[in-house]
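# Observations on the three-dimensional arrangement
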Amino acid sequence: MLNPNNDRLDYGQILSPPAGFYLDFAVGTTYSLNLDALVGASLSLGLSEETDSELMNNPVCLLEALRSVGDKVALFCESGQIQMPTKVTSLYVLLEKIVFTVRTAKRKGIAAYPSFHPKFWLIRYKNNVGEFRYRVIVLSRNLTFDRSWDVTYYMDGKVVDTPSIKNEPVCDFLRYLLARIPSGQNGRAKAKAIKKLINELPCVEFEPPEKEFYDFEFIPNGVKKANGEFYRFEKTKLFTDTFQEILIISPFLSGDIIQSFNNRNERSLIRGARHVLITREMSLGKLSEEIAKKKIALKDICNFRFYTMRDKVVDGETAISENTLDVQKQDIHAKVYMIRKYSDADLYLGSLNASHNALYGNVEFMLRLRAKNRYLNLDKLMASLFGSEKDGSDNPFQEVTLENAIVDEDDKERKALDSIIKTISRSRPLASVRQEEDFFAVTVHFGDCDIKDYKVDVRPLLSKKEEPFENDILFSNLSVTQLSEFYAISVSDGQKTVERVLVIPTAGLPEDREKAVVSSVVSNKDCFYRYIAFLLGDDSILSILESKTAEGTHVASGTGHAYQAPALYEKMLQTAASAPEKFKGIEYLMKTLAGDEVVPDDFKKLYQTFKKVVKLDV
């Protein structure tokens, strides 16, 4: 079930539509976000391609992937947690329709800002006869390229006649997201689509595909129910019931949470319960600090056996990678809780760490899977995770004690810098654009922020013009393709620097900005034909185009394109019958490039004739 060698899932494949279906709408959440990872997810959602596909390097394919999902995806992430891309492209402009950031407010009893921390997808697919399929995905993984070990579970669902309240927690979670969508045309369209999902979910039935699980429950944390009360994970049986076995996998810990599990059975008749905790070495170091400061007593965690990932796994890439710039450490990032009492066992999966902030402050999302002891218990899970022998060479984990745990000082510094970015993002910055002859000027206004002792710089993401942080910043002489609602921000304490991307609502963006980006990609007739061939999925035309390019000729110049007109027309007829939704892509291209000389005149005539013949509503 959790064997790292056999039970692996690919993020891209999970997002991809089932055979015969295409994406109709998707809403997703993540704490941190990598824009290139979102581009990869768009390939999976819109084109059913893997997230690490070679198409990631093809601007025509990327343009179509982002165009096709722009109106069909709403992705929510923590404000200030969009990672800085390594290579910036103007195509990121098309991601602005997709990304919505969430700012949580300070909460009593929480030292730092609570986090918007759920990792979740709800996707509706559709086929050509109007049937719908639904998929719900609960993860511990952020939408980034982090290589840490995570956990994912998904279920497919279909429409049934009898409504139920099984999906009501998902509906309440979607209502929370609805309240975070800004106004504007794009916001209204996404809100309408999410409301439609909320109305449909009572009649959607999800079912675990495995025989081991006989029931499930969706559990948000930190969001309101329809009756005004809050979902509180500390009120679930995981935190209130006694048990005979418990397994916790959590990268981040708080002493009071571990203490509560350790002492749970004190006043019950259950004796000799088994406790196992798998975490990161640095988190055990923090637990040791809490013990040293006497916030908790050693006896209050002594029931647990502690495990961490072996160094050879954490640092494994250094031994096999020649590119030191791309080397990453691997560690535990999964959040798993297995709790068994008598013949019943529950498996909790999702985003919730065993930490105080996660439980009492953050917005989270978890899934509870129910099973019987014969299918789910501590011995079975440990055998899956540790291999055939606990001390065998195939076991990626090692048993450890608190005495040798270390504290990661770098993590403390990074969190301090992250806190500054959170503070700046919560000042609710705004920007406005004004045209100055052939160029544009952007003014960014920030609210009052206490950033003393830190060096902060800001720039538009698509420009290299950087300015020191002030309440009002002016960026001049920007081209239309440098305008975006994405702004890069860097914070430094003199020793370390953290870079992030902020989404800042920007008024006055020119309407032809997207056209300029598309024109920069589809810049000539050859490229236009490549786009059309790619839209239609015509490998033969693409092969001809590639061979002509290799010969140094242009198929769209003179009469060189004439030989492909019958093939295009035939392929368009086939597509009209099998996948008419693809013509939305052609119509988008024709409208966006209207007035340019990129679209061949004979294709315009061909397309207009074709539309009249097949009477497509595009």
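Everything discussed here concerns the structure shown above.
Sequence order as written defines the numbering, with residues in each chain counted from 1. The model is predicted, so local features are restricted to residues of pLDDT at least 70 and side-chain atom pairs to those at 80 or more, both for listing and for counting; the totals for chains, interfaces and linings are taken over all residues. Excluding hydrogens and water, the side-chain values take into account all heavy atoms of the structure.

### A look at the overall build of the protein chain
Test applied: We count a stretch as a helix when DSSP gives it H or I for four or more residues in a row; a strand needs E for two or more, and each element gets its number in order from the N terminus. Remark: exposure states derive from per-residue accessible area (1.4 Å probe, protein chains only) relative to the maximum for the residue type, with buried under 20%, exposed over 50%, and partly exposed in between. Contacts were defined at the residue level, with two residues in contact if any of their heavy atoms lie within 4.5 Å. Working definition of accessibility: Shrake-Rupley area with a 1.4 Å probe, residue cover restricted to the visible protein chains.
The helix and strand inventory of the protein chain stands at 19 helices and 24 strands. For the protein chain, the residues scored as buried account for 54% of the 618 residues in total. Taking as baseline every contact in the protein chain between residues at least 6 positions apart, the subset at least 24 positions apart corresponds to 73%. When the accessible surface of the protein chain is split by element, carbon and sulfur atoms take 48% of a total near 28500 Å².

### What about the sheet that holds strand β17 (residues 430–436)?
Note on sheets: strands pair through backbone hydrogen bonds, and any given pair is parallel or antiparallel. Stated precisely, the cut-off is as follows: Strand pairing is assigned whenever DSSP detects at least two bridges linking the two strands.
Overall, mixed pairing links the four strands, which are arranged β21-β18-β17-β24 in an open sheet. Every other strand in the sheet has two partners, leaving β21 (472–478) and β24 (506–507) as the edge strands with one partner each. Sheet topology places strand β18 (residues 439–445) next to β21; five bridges connect them, and they run antiparallel. Among the inter-strand pairings, H445 is bridged to a residue of β21, identified as D472.

### Some details on the sheet that holds strand β20 (residues 467–468)
Pairing is antiparallel in the open sheet, where five strands are placed in the order β3-β23-β22-β19-β20. Strand pairing shows two members of the sheet lacking a second neighbour, β3 (82–83) and β20, which therefore form its edges. In this structure, strand β22 (residues 486–492) lies alongside strand β23 (residues 497–503), joined through seven bridges in antiparallel fashion. Looking across to β23, one finds that S492 is bridged to T497.

### A short note on the packing of helix α14 (residues 513–521) against helix α18 (residues 583–592)
Where we set the bar: Note on geometry: axes are lines fitted to C-alpha atoms, helical ones only across the stretch in contact, with angles between N-to-C directions running from 0 to 180 degrees. Between 65 and 115 degrees an angle is taken as roughly perpendicular, under 35 as roughly parallel, over 145 as roughly antiparallel, and anywhere else as oblique. Three categories are distinguished: nonpolar for Ala, Val, Leu, Ile, Met, Phe, Trp, Tyr, Cys and Pro, charged for Asp, Glu, Lys and Arg, and polar for the others, with Gly belonging to the last.
Relative orientation of the contacting elements α14 and α18 amounts to 105°, with a least axis distance of 10 Å. What the angle tells us is that α14 and α18 run roughly perpendicular. Across from E514, K515 and V518 in α14, the residues of α18 making contact are Y588, L589 and T592. Its residues assigned to classes, the contact of α14 with α18 shows three nonpolar, one polar and two charged.

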